Amino acid sequence: MERWNPSLDLSKQEQLIMKRLNRVRALFGFLRTKRHILFDDDFQAQLEGMYRDTGAGEEAHPPAMMCMVLILQGYVRASDAEAVELAVMDLRWQMVLGCLGATEPPFSQGALQAFRERLMAHDMDRVLLERTVAMVRDGVAKRGEGQAVSKALRVAIDSRPLVGAGKVEDTINLLGHAARSIVRIVSKILEREPEEICKAAGIPLLLAPSIKAGLDINWSDARQKATAIDILERQVSSLQRWVGRNLDNYENEPLRPYIEAITVVKDQDLERSPTGKSIIRRGVAADRRVSIEDPEMRHGRKSRSKRFDGYKEHIARDLDAPAIVACAITPANRPEEEGAKPLGEDITAQGFTIAEAHIDRAYVNSPLVLETISSGGAVFAKPWAQRAHRPGLFSKAAFKIDLRAKTITCPAGEVEPFEPGQTVHFDPDACGPCSLRAKCTVAATGRGRSVSIAEDEATQRRFRKLQRTRAGRAALRARVAVEHSLAHVAARKGSRARYIGTRKNLLDLRRAAAIQNLEAAQHMEREAAQHMERKAA
């Protein structure tokens with residue numbers, strides 16, 4: 001396999017191009033001058049290790065060059081097809097890829113897609129991110145005139161919602177979408193018209209422009225709606241049976257994802273009535289599938305009022321070196337603490353430890369936080385507010401909580417025991433005649449005041465102490481840096497996922513983080529050059 005070995009020296013044409021890259025798309029120039037550092041011999045050897053040297057098939061493109069293509073693609077937000085054309089039509093692309101003057105693309109669209117799949121299979125997108133982290137840290141060390149950069153990191157962690165690329169549908173359209181896909185695939189396999197298959201399989205609903213048009217009912221009528229769901233379920237089941245009778249190995253690709261989707265949707269959304277009919281299940285399944293196109297998307301909430309469908313992007317940002325050191329993707333319905341685990345693993349894999357973790361409070365119960373505290377590190381997070389349920393009533397702050405004795409004392413002096421994670425209910429007999437009752441609770445007669453004790457009450461108390469001092473508030477504000485980094489990622493990628501599935505979107509996030517790190521390294525280099533100029537003057 002040929003190794004990518006572009007020239008270090010700038011040609012006259014490249015010098016002219018570089019002069020035009022001072023303000024607009026300046027990262028092209030930085031990549032041209034630093035490509036030999038980013039893709040050094042060790043990293044190129046790792047990339048080449050993704051391929052088996054069997055001598056069979058076509059000669060692979062230099063992996064380092066293909067990796068650079070992925071960076072450029074993310075930088076300008078180009079599709080695969082656009083990337084191929086830009087490699088021929090854009091002098092900046094040609095300069096960075098070392099193919100100035102080429103009249104044919106140095107790679108094909110299929111080669112780019114295959115390389116991306118190979119990169120993910122070997123987790124080399126993580127290594128690419130780590131290479132950019134090293135470049136930023138080198139820049140920080142040079143700015144400190146050679147002073148070593150600590151491997152005990154001050155890390156800030158946060159997440160943002162990512163709307164999935166798949167179409168979100170209700171139960172009827174999920175079943176209809178999967179059934180149509182099955183008919184389309186079977187039509188190609190058997191070389192029969194889709195209409196013929198629909199009639200033979202007993203699913204005439206698919207002959208209509210849409211499932212709901214085929215059902216043709218008054219959707220505001222609950223009885224008609226229930227009947228329609230039963231009709232659809234029976235016809236979809238008829239299609240499944242017909243496919244099983246007429247196709248060998250019908251559960252293999254490419255039918256398997258749609259067969260499985262129908263099973264999942266039935267199990268999560270439907271149940272049998274006492275009369276044996278299929279009806280919509282009461283309640284919502286905990287891990288409900290919402291899209292046929294993207295099976296990993298989920299319903300999620302960023303807040304009580306803000307709902308979204310897709311994923312959560314998590315990043316860990318070094319507060320001392322302006323670099324994103326780790327990334328993670330989780331389905332939207334998963335708690336933030338699940339995103340912290342892979343972040344911690346990636347940080348550890350780079351040989352770093354966490355001296356300080358500045359987190360959103362949703363991460364408080366994550367293993368990463370517990371490990372940081374147990375290893376002697378510090379954790380900073382904004383505590384939950386202790387507001388009264390109604391104006392004029394005592395808030396939780398008015399109660400004395402003794403964590404050692406595990407007791408809580410009300411403003412009137414009544415004491416109750418507790419366990420972390422419980423809600424304490426004060427004795428109604430004591431609360432009823434209490435002179436402070438009007439300032440404490442509006443509970444009905446015969447009921448006393450209740451106070452919830454968090455699982456992490458001790459941790460929350462430490463966070464509240466920080467809020468009371470100027471130094472503590474300054475420490476809590478340090479997390480703003482990761483919010484800015486997330487905003488830059490959002491501006492680069494947009495609010496909607498580019499790919500289907502968790503793993504591909506993790507690649508896209510890591511790529512965006514790597515580009516952001518490269519821009520940070522470029523900025524530090526520019527600042528250092530300006531400083532030297534001022535010093536010389």
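Structure: see above.
Given the structure is predicted, the values throughout are model-derived calculations rather than measurements. (Residues numbered from 1 in each chain as written. Predicted model: local features only at pLDDT ≥ 70, side-chain atom pairs only at ≥ 80, totals over all residues. Heavy atoms only, no water.)

**Overview of the overall build of the protein chain**
Tallying secondary structure elements over the protein chain gives 21 helices and 13 strands in all. C-alpha atoms of the protein chain, sized along the principal axes, occupy 90 × 80 × 40 Å. Looking at the 537 residues of the protein chain, the share that counts as buried comes to 46%. Taken as a whole, the protein chain presents about 28200 Å² of accessible surface, with 49% of it coming from carbon and sulfur. Distance from the positive charge centre (84 side chains) to the negative charge centre (70 side chains) of the protein chain: 7 Å. (Helix = DSSP H or I, 4+ residues; strand = E, 2+ residues; numbered from the N terminus. Buried < 20%, exposed > 50% of the residue type's maximum accessible area, 1.4 Å probe, protein only. Areas by Shrake-Rupley, 256 points an atom, 1.4 Å probe, with all protein chains shown as cover. Lys, Arg positive; Asp, Glu negative; His and termini not counted. Charge placed at Lys NZ, Arg CZ, Asp CG, Glu CD.)

**Concerning the nonpolar core**
Counting residues in hydrophobic clusters, the biggest one holds 72 residues, and the most contacted among them are Phe39, Leu47, Met68, Ile71, Leu97 and Phe107. Counting 33 residues, the second largest nonpolar core, distinct from the first, contains Ala178, Ile185, Ile203 and Ile259. (Core = buried A, V, L, I, M, F, W, Y, C linked by side-chain atoms within 4.5 Å.)

**A closer look at the side chain of serine 238**
Residue position: serine 238 is located in helix H12 (residues 222-246). Overall, serine 238 belongs to the buried group, its relative accessible area being 18%. If near-sequence neighbours (up to four positions away) are discounted, serine 238 is found in contact with Ala201 and Gly202. (Contact = heavy atoms within 4.5 Å.)

**Re empty space enclosed by the protein**
Counted according to the given criterion, the structure contains 2 cavities of 30 Å³ or more. At the level of secondary structure, the elements contributing two or more residues to the lining of the largest cavity comprise helix H16 (428-431) and helix H17 (437-440). Here the second largest cavity defines a volume of roughly 50 Å³. Together, Cys67, Leu70, Leu119, Asp125, Leu128, Leu507, Arg510 and Arg511 line the second largest cavity. Broken down by secondary-structure element, the contributors of at least two residues to the lining of the second largest cavity are helix H4 (63-76), helix H8 (124-143) and helix H21 (502-536). The biggest single contributor to the lining of the second largest cavity is H21, with 3 residues. Split into classes, the residues belonging to the lining of the second largest cavity amount to 5 nonpolar, no polar and 3 charged. (1 Å grid on protein atoms, 1.4 Å probe; cavity = no way out; pocket = protein on both sides within 12 Å on 5 of 7 lines; lining within 4 Å. Points joined across faces, edges and corners; volume = space filled by probe spheres on them. Nonpolar A, V, L, I, M, F, W, Y, C, P; charged D, E, K, R; others polar.)

**A word on the pairing of strand S4 (residues 298-301)**
Residue alternation in S4 divides its side chains into a buried set, Arg298 and Gly300, and an unburied set, His299 and Arg301. The pairing of S4 with strand S5 (residues 307-318) spans 4 bridges and is antiparallel. Considered in S5, the bridge of glycine 300 is made with phenylalanine 308. Taking the residues between adjacent antiparallel strands as the criterion, S4 and S5 are bridged by 5 residues. (Pairing = 2+ DSSP bridges.)

**Focus: the pattern of salt bridges**
In total, this model carries 41 salt bridges according to the counting rule given. One salt bridge in this structure joins arginine 479 and aspartate 158, with 3.0 Å as the shortest N-O distance. Of this pair, arginine 479 sits in the loop between helix H19 (470-477) and helix H20 (480-493) while aspartate 158 sits in strand S1 (residues 152-163), placing them 321 residues apart in sequence. You'll find arginine 479 and aspartate 158 in the same group, each marked buried. (Salt bridge = Lys/Arg side-chain N within 4 Å of Asp/Glu carboxyl O.)

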